[in-house]
Amino acid sequence: MSVLQYDEHSNSFLIGIGEHLYQYTNNQTKFLVKCGDVPEIPDSEGMEKGKRPRAEGPAYITGVATCGECIAVISNNKVVETFDREFQKRGSTVAIKRPTSVQVTDTNVVISDKSGDAYSYDLQLTNRKYLLGHVSVVMDMVLTPDQQFLITCDRDEKIRISHFPNCYNIESFLLGHEEYVLKIRLLSPHILLSVGGDRKLMLWDLVTCSLLQTITSDHGDYTSVTYTSPYLITCNSRHVTVYKLTDNTLTLTSELTSDHDIVSLAASSARVLALTREPKLESYQLSEGVLSSRSEVEGEFDLSKSVDCALPEKKKGVRTAGFTEYFERKRKRIEEETLKDETRKVQLSR
């Protein structure tokens with residue numbers, strides 16, 4: 001998996017490829033830091049049910065979050081790290097389960113994990129606090145700008161709004177998706193966007209907790225989404241769509257088709273970066289809601305270290321496929337047994 005993240009504080013793109021984090025700005029790329037090194041954890045830290053967290057799996061970056069003074073990075077081997085703006089390490093720890101998303105503020109780091117839980121840490125990652133739990137994998141999460149609410153989405157079609165940091169106090173659920181909810185984004189302090197495995201894009205009013213708009217894609221599953229006010233950019237494999245948010249409604253401004261399957265997007269006010277499965281890093285100019293001037297970004301990064309992560313399996317699709325295969329095998333067995341019986345009868349009649 002590779003990560004693209006626009007950092008408005010430095011007016012640059014952060015690119016996570018393998019275990020390396022790079023910066024892209026002014027058409028130049030620069031190596032920043034190697035991530036995923038396993039820290040030493042004191043015996044008294046991280047104890048949960050008599051077990052100490054252990055790093056597992058390859059160390060490639062799976063998420064990056066930024067705030068004014070801090071950058072937080074999560075890796076596939078369960079390592080969580082924080083860095084200052086000079087990319088000197090501030091803290092490092094190993095999560096209980098593999099992290100799935102990360103948020104950072106001036107005082108806290110919040111991570112979700114594959115078991116459906118979410119935790120907060122201080123910026124030095126020394127103190128951990130349990131926040132909430134879902135019954136399935138948390139796919140994504142966002143903190144509202146006032147840090148009053150933590151919004152999480154999961155593999156079981158749910159979006160949950162919890163008071164932060166007292167997340168046991170649930171404000172509401174946003175229910176409308178029929179498959180996993182892949183990504184959520186805040187388009188304004190009170191407008192939330194979600195995209196799911198049901199190929200639906202949904203716009204929500206967080207004040208009334210009501211659905212404002214639904215757009216169903218005709219181009220397959222969503223693979224990534226990014227927002228730079230007032231434009232929303234989505235991709236469904238090779239199809240890229242740009243919408244403009246006006247009066248809490250999305251309207252189509254442009255579309256294009258890439259030559260490659262896009263797995264990740266990030267956008268500034270004038271540029272969109274797209275990482276493709278090949279892998280390639282493409283750059284587009286964004287002007288008045290129209291993408292143009294596609295070019296390939298070259299730099300010192302090694303795109304061969306990109307790790308392609310598949311979308312989650314769809315529960316309905318998996319179940320249907322399983323039943324179809326089962327009944328097909330059963331039909332063939334019945335036909336074979338019927339043919340054997342008929343052959344046996346013919347032989348006995350001679």
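Residues numbered from 1 in each chain as written. Predicted model: local features only at pLDDT ≥ 70, side-chain atom pairs only at ≥ 80, totals over all residues. Heavy atoms only, no water.

Asks: Please clarify how the sheet that holds strand E19 (residues 200-205) should be interpreted in this entry.
Replies: One key point about sheets: their strands pair by backbone hydrogen bonds, in either a parallel or an antiparallel sense. Here 4 strands make up an open sheet; going across it, the order is E17-E18-E19-E20 and the pairing antiparallel. Single-partner strands in this sheet number two, and they are strand E17 (181-188) and strand E20 (210-216). With direction set aside, neighbouring strand axes in the sheet form an average angle of 20°. (Pairing = 2+ DSSP bridges. Helix = DSSP H or I, 4+ residues; strand = E, 2+ residues; numbered from the N terminus. Axes fitted to C-alpha atoms, helices over the stretch in contact; angles between N-to-C directions.)

Asks: Where do I start with the pairing of strand E18 (residues 191-196) in this structure?
Replies: Taken across its 6 residues, E18 has 6 buried, putting it largely inside the fold. Neither face of E18 is left uncovered, since the one carrying Ile191, Leu193 and Val195 and the one carrying Leu192, Ser194 and Gly196 both have all their residues buried. Relative to E18, E17 is paired through 6 bridges, and the arrangement is antiparallel. When the bridges of E18 are listed, Val181 appears paired with Gly196. Between the end of E17 and the start of E18, which pair antiparallel, lie 2 residues. In terms of strand pairing, E18 meets E19 through 5 bridges, oriented antiparallel. Among the inter-strand pairings, Ile191 is bridged to a residue of E19, identified as Asp205. Here E18 hands over to E19 after 3 residues, with Arg199 in that stretch at a positive phi of 65°. (Buried < 20%, exposed > 50% of the residue type's maximum accessible area, 1.4 Å probe, protein only.)

Asks: Would you mind showing me how to read the packing of aromatic side chains here?
Replies: Both the distance between ring centres and the angle between the ring planes are used here to describe each pair of aromatic rings. Scanning the model with the defined rule gives 5 aromatic pairs in all. Arranged with centres 6.5 Å apart and planes meeting at 40°, the rings of Phe83 and Phe87 form a pair that is tilted. Ring pairs connect the aromatic residues Tyr6, Phe13 and Tyr24, which therefore count as one cluster. (Phe/Tyr/Trp six-rings, centres within 6.5 Å; stacked < 30°, edge-to-face > 60°.)

Asks: Please explain the sheet that holds strand E26 (residues 271-276) as it appears in this structure.
Replies: Ordered by their spatial adjacency, 4 strands build an open sheet running E25-E26-E27-E28, and the pairing between neighbours is antiparallel. Of all the strands in the sheet, just strand E25 (262-267) and strand E28 (290-296) have a single pairing partner and so form its edges. Along the sheet, successive strands turn relative to each other by an average axial angle of 25°, direction set aside.

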